[in-house]
Amino acid sequence: MCPAGNSSVNSPSVTLTSSNPDLPDLPDLPDLVVVGSGFFGLTIAERCANDLGLRVLVIERRSHLGGNAYSEPEPETGIEVHKYGAHLFHTSNERVWEYVNRFTAFTGYQHRVYSTHNQQVYPLPINLGTINQFFDAAYTPAEARALIKEQASELGDKEPENFVEKGISLIGRPLYEAFIAHYTAKQWQTSPEELSADIISRLPVRYNYDNRYFNDKYEGLPVDGYAAWLARMADHPNIQVVLDTDFLADGVAERYKGKVPIVYTGPVDEYFHNSEGRLSWRTVDLVPEVLDVDDFQGCSVMNYPDPDVDFTRIHEFKHFHPERSYPEGKTVIVREYSRFAEETDEPYYPVNTAEDREKLLKYRDLAEREPMVLFGGRLGTYKYLDMHMAIASALSMYDNTLRPHFADGAELKSGGVDA
């Protein structure tokens, strides 16, 4: 289905409609409406169109497909930039891997991250190389393991009560303070002492020199880019995508709610007009810059965990595709700043405080009572989902809910929001 080995980032032909305020291009009654064209929404749309022959209407409020995974060439250099922050595909799920390979071939890219601390560059995740460099030593794996165990025992038998104590109990205070404490404070815009211990369930430490960021069986980047991959998922005569249209604000909801099944992947609190209070989200500000150098930092991602640097990391996008031919003497970097999302910001990550979970319980009850509406994706379920997790979740919704309904007449039970 997809041409392997083509390094172009051009998308295949897809019927995309930009709707005007009168919504003249919307069908009277499709079989299914999908709100949002990220990986979750497009997986649902593709399966229902290809497998069941349903007529699917996809509503997207942005001017492009793909949600936060969208990528595009930077105009001056042609370097493919992930518009909403770096997206690295990885999975150990065999079904997901088989599914995504229907739409794109993948490069052999393996993600590696480095961190600049006190004017030295260290490999991440923390591994034997990080430990030996940090402590100016030549520990064997057993010696390094014993050192970290000793440093992590600072709390004794005390159960960690916050993020700081949990971090120290996992990797010890020296490494925690160097690479985690200030980076986390910048990410969450909150003192780590005020964050829940649940946020940091584990910190990987490898007692060898393996500095691959992910442990999954499969990893790579789409050969033709994310835009082409996403467009191929929507490239079906039964799928109509309408861009620049807000499902809630532009009158679309009133046209279809209660008449056809809807899969909603926008923010769940926004769907219910924040009736139970706004959920807490983090967002990121991305500041791109074209530089007149061949190579700025020598890697794709460099973290900056020190408190005197106000951004969290720098992406250099030409390193994601070293197999491509890009102009010499130019590179694109993007500095990333993290903060709490305001009402008009694009939400990226659920904060998920105890107060948020109380609100989510109320939204779950509302979702279950909403006629013929299923909630999915990171925003619709208020869960942190990587790309492969969003695709797996969509396939599960299709298998267990949508296909039985459309193919076998099973009752469509609304919901999808857990708490």
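In every chain, residue numbers begin from 1 and rise along the written sequence. For a predicted model such as this one, the threshold for reporting local features is a pLDDT of at least 70, and the threshold for listing and counting side-chain atom pairs is 80 or more; totals across whole chains, interfaces and linings nevertheless cover every residue. Working from all heavy atoms in the structure, the side-chain values ignore hydrogens and water.

(A) Region of interest: the overall build of the protein. Secondary structure assignment for the protein yields 12 helices and 17 strands. The C-alpha atoms of the protein give 23 Å as radius of gyration, which agrees with the globular expectation for 419 residues (22 Å, within 12%). Principal-axis analysis of the C-alpha atoms places the extent of the protein at approximately 70 × 55 × 35 Å. Relative accessible area decides the class of each residue, using a 1.4 Å probe on protein chains only: under 20% of the type maximum gives buried, over 50% gives exposed, and in between gives partly exposed. Looking at the protein as a whole, 54% of its 419 residues qualify as buried. Secondary structure elements follow DSSP: runs of H or I no shorter than four residues count as helices, runs of E no shorter than two count as strands, and numbering proceeds from the N terminus. When we talk radius of gyration, it's over C-alpha atoms, and the globule rule is simply 2.2 Å times the number of residues to the 0.38.

(B) Seen up close, the packing of helix H4 (residues 141-152) against helix H5 (residues 163-171). Where helices are involved, their axes are fitted lines through C-alpha atoms of the stretch in contact, as for all axes, and angles between N-to-C directions lie from 0 to 180°. Between H4 and H5, whose axes approach to 6 Å, the crossing angle comes to 150°. Taken together, the axes of H4 and H5 lie roughly antiparallel to each other. Across from Ile148, Gln151 and Ala152 in H4, the residues of H5 making contact are Ile168, Ser169, Leu170 and Ile171. Residue composition of the contact of H4 with H5, grouped by class: five nonpolar, two polar and no charged. To sort the angles, those under 35 degrees are grouped as roughly parallel, those over 145 as roughly antiparallel, those from 65 to 115 as roughly perpendicular, and the leftovers as oblique. Residue contacts are counted whenever heavy atoms from the two residues lie within 4.5 Å of one another. When residues are grouped by polarity, Ala, Val, Leu, Ile, Met, Phe, Trp, Tyr, Cys and Pro land in nonpolar, Asp, Glu, Lys and Arg in charged, and all others, Gly among them, in polar.

(C) Main features of the sheet that holds strand E13 (residues 301-303). Spatial ordering of the open sheet is given by E8-E7-E13-E14-E15-E12-E16, a layout of seven strands whose pairing is mixed. At either end of the open sheet lies a strand with only one pairing partner, and these are strand E8 (120-124) and strand E16 (349-350). At least two bridges found by DSSP between two strands are what make those strands a pair. In this structure, strand E7 (residues 113-117) lies alongside E13, joined through three bridges in parallel fashion. What sits directly across from Val113, in E13, is Val301.

(D) Looking closely at the nonpolar core. Ile44, Val56, Phe89, Trp229 and Phe247 are the most contacted members of the largest nonpolar core, which has 106 residues in total. By convention a nonpolar core is built from buried Ala, Val, Leu, Ile, Met, Phe, Trp, Tyr and Cys residues, the set being connected through side-chain atoms within 4.5 Å. Counting residues in hydrophobic clusters, the runner-up holds eight residues, among them Cys299, Met302, Val309 and Phe311.

(E) How the structure looks around the pairing of E8. Taken together, the five bridges between E7 and E8 define a ladder with antiparallel strand orientation. Within the sheet, the bridge partner assigned to His117 lies in E8 and is Gln120. Where E7 folds back on E8, the antiparallel hairpin that results is connected by two residues, among which Asn118 adopts a positive phi of roughly 50°.

(F) Representation of H5 within the structure. Of all the positions in H5, only Phe163, Val164, Glu165, Gly167, Ile168 and Ile171 are classed as buried. Close packing links the buried residues of H5 with H4 and helix H6 (173-188). Polar contacts here mean pairs of N or O atoms no more than 3.5 Å apart (in protein, one a potential hydrogen donor and the other a potential acceptor; neighbouring residues in sequence count only if both atoms are side-chain atoms). Between a side-chain oxygen at the N-terminus of H5 and the backbone nitrogen of Val164 the separation is 3.1 Å; the capping residue is Asn162.

(G) Examining the side chain of Thr43 more closely. Mapped onto the elements, Thr43 comes out in helix H1 (residues 39-52). Aside from chain neighbours lying at most four places away, what touches Thr43 is Tyr99, Met233, Ile391, Ala394 and Leu395.

(H) Up close: the pattern of salt bridges. One speaks of a salt bridge when a side-chain nitrogen belonging to Lys or Arg is within 4 Å of a carboxyl oxygen belonging to Asp or Glu. Applying the stated rule across the entire model yields 25 salt bridges. Residue Asp210 pairs with Arg212 through a salt bridge whose shortest N-O separation is 2.9 Å. What makes Arg212 partly exposed here is its relative accessible area of 30%. A salt bridge links Asp285 to Arg339, with the nearest nitrogen and oxygen atoms 2.6 Å apart.

(I) Local environment of the environment of Asn352. Here Asn352 shows up in the loop between E16 and helix H10 (354-369). For Asn352, a relative accessible area of 33% gives the class partly exposed. Each C-alpha atom, one on Asn352 and one on Tyr384, is 9.5 Å from the other, the two residues being 32 residues apart in sequence. Setting aside chain neighbours within four positions, we find Asn352 in contact with Ser280, Arg357 and Tyr382.

(J) Structural detail: the packing of aromatic side chains. We call Phe, Tyr and Trp rings a pair once their centres come within 6.5 Å, taking the six-membered ring for Trp, and we label the pair stacked below 30 degrees between planes, edge-to-face above 60, and tilted otherwise. Overall, the coordinates contain 29 aromatic pairs when judged by the stated rule. When the centroid spacing of 4.9 Å and the interplanar angle of 65° are considered together, the rings of Tyr264 and Tyr271 count as edge-to-face. Comparing Tyr264 with Tyr271 shows no difference in burial state: the two are buried. Among the aromatic residues, those joined into a ring-pair cluster are Phe39, Phe89, Trp97, Phe106, Tyr218, Tyr226 and Trp229. The rule is short: NZ of Lys or CZ of Arg within 6 Å of the ring centre and within 35 degrees of the ring normal puts a charge over the ring. Between the NZ or CZ atom of Arg62 and the centre of the ring of Tyr84, over which it lies, the distance is 4.0 Å. Directly above the aromatic system of Tyr384 lies the positively charged group of Arg378, at a separation of 4.4 Å from the ring centroid.

(K) Region of the structure containing the environment of Asp399. Structurally, Asp399 is set in helix H12 (residues 387-408). Classification of Asp399 by relative accessible area gives partly exposed; the value is 32%. Residues Asp399 and Arg47, 352 residues apart in the sequence, show an inter-C-alpha distance of 9.5 Å. Ignoring anything within four residues of it in the chain, the contact list for Asp399 reads Arg95 and Pro404.

(L) The arrangement of the pairing of strand E12 (residues 281-291) in detail. Where E12 lies against E16, two bridges are found, and the strand directions are antiparallel. Across the sheet, Trp281 pairs through a bridge with Pro350, a residue of E16. The pairing of E12 with strand E15 (residues 331-340) spans 10 bridges and is antiparallel. Paired with Arg282 across the strands is Phe340, a residue of E15.

(M) The arrangement of the packing of H1 against helix H7 (residues 226-233) in detail. At a minimum axis separation of 9 Å, H1 and H7 run at an interaxial angle of 35°. Together, Phe39, Leu42, Thr43 and Glu46 of H1 and Tyr226, Trp229, Leu230 and Met233 of H7 make up the contact between the two elements. Broken down by class, the residue content of the contact of H1 with H7 amounts to six nonpolar, one polar and one charged.

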